[in-house]
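Structural overview for review
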Amino acid sequence: MLGPEGLIARTVAERAEELRDIRRHLHRHPELSRQEHATTDYVVEQLSALGLSPVRMPRTGAICDIPGSDPTLRPIALRADMDALGIPELSTVPFRSIVEGVSHSCGHDVHMSAVLGAAHSLVRVAEAGALRRSVRLVFQPSEEMHPCGALEMISEGVVEGVDSILALHCDPGVDVGHIGLKTGPITSATDPVTIQVRGSGGHTSRPHLSQDLIYALGSIVT
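These notes cover the structure that comes with them.

Rules and cut-offs
Throughout this description, residue numbers start from 1 for each chain and increase along the sequence as written. Two thresholds apply to this predicted model, a pLDDT of at least 70 for residue-level local features and 80 or more for giving and counting side-chain atom pairs, whereas whole-chain, interface and lining totals are computed over all residues. For the side-chain quantities, the full set of heavy atoms in the structure was used; hydrogens and water were omitted. When a residue's accessible area, from a 1.4 Å probe over protein chains only, is under 20% of the maximum for its type it is buried; when over 50% it is exposed; and in between it is partly exposed. Secondary structure elements follow DSSP: runs of H or I of four or more residues count as helices, runs of E of two or more count as strands, with numbering from the N terminus. At least two bridges found by DSSP between two strands are what make those strands a pair. Note on handedness: a clockwise path from strand one over the helix to strand two, with the strands aimed away from the viewer, defines a right-handed crossover. Salt bridges are defined by distance alone: a side-chain nitrogen of Lys or Arg within 4 Å of a carboxyl oxygen of Asp or Glu.

Most of strand β4 (residues 135–140) sits inside the fold, with six of its six residues counted as buried. Of the two faces of β4, both are covered, the one formed by Val-135, Leu-137 and Phe-139 as well as the one formed by Arg-136, Val-138 and Gln-140. In this sheet, β4 lies alongside strand β2 (residues 62–66) in antiparallel orientation, the contact comprising five bridges. Each bridged residue has a counterpart across the sheet, and for Asp-65 the counterpart in β4 is Arg-136. Pairing of strand β3 (residues 76–81) with β4, which is carried by six bridges, proceeds in the parallel orientation. Residue pairing for β4: Ala-80 is matched across the bridge by Phe-139. You can see the chain leave β3, run along helix α4 (residues 108–127) and come back into β4, and the turn it takes is right-handed.

With the rule as written, the count across this model stands at 10 salt bridges. Between Arg-136 and Asp-65 there is a salt bridge; the shortest N-O distance is 2.7 Å. One end of the pair, Arg-136, is in strand β4; the other, Asp-65, is in strand β2, with 71 residues separating them in the sequence. Residue classification places Asp-65 among the partly exposed residues on the basis of a relative accessible area of 37%. The residue Arg-79 makes a salt bridge to Asp-81 at a minimum N-O spacing of 3.5 Å. Neither Arg-79 nor Asp-81 differs from the other in exposure class; each is buried. A cluster of three or more residues bridged by salt bridges with shared partners is formed by Arg-34, Arg-59 and Glu-152.

Put into structure tokens, the structure is as follows:
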């Protein structure tokens, strides 16, 4: 009888093409932050087909629990972000984005496919009675927007009672079959910043008597 690792490996092998098609569907149909309605529908459809009971978030996004056999153990969570970027796709692959000016250029299509793939495997492990700890699947919207969708999901109680939450991010600098880890933060976030520079103007024939704001701004940028 196969153990959990064997069941997971078998499931991945058996459903490799299906998971590839899921990723390509998501890549072909990207949606911007706070607009992941069709993406949420698709994720919920995939989870429901596995016999699970996904729960939609008030706007977009979803969570889904895979029950374990030991209720004394706190569940862990697997998280995937869902939104695409407002960047045109220049690729000519058959599954390129069909949405003008929008693409999954940050890999969130892969992240969702990975967690859906985990769901396929974990359901089989649970059916075999080998999943002791419950697992919560978290599909988070609006990762690319400020404030991000994580804060909204936390306010909905998504991580209450969860022991830990895990996520992976695509990195073309890491070889296939390898995972990169380090102590502390790995991927930074961004914040919008507005800077005003003021100075005295002057005549172009006497630049030494005025303050060159373009030069000052250039210095700030560099």
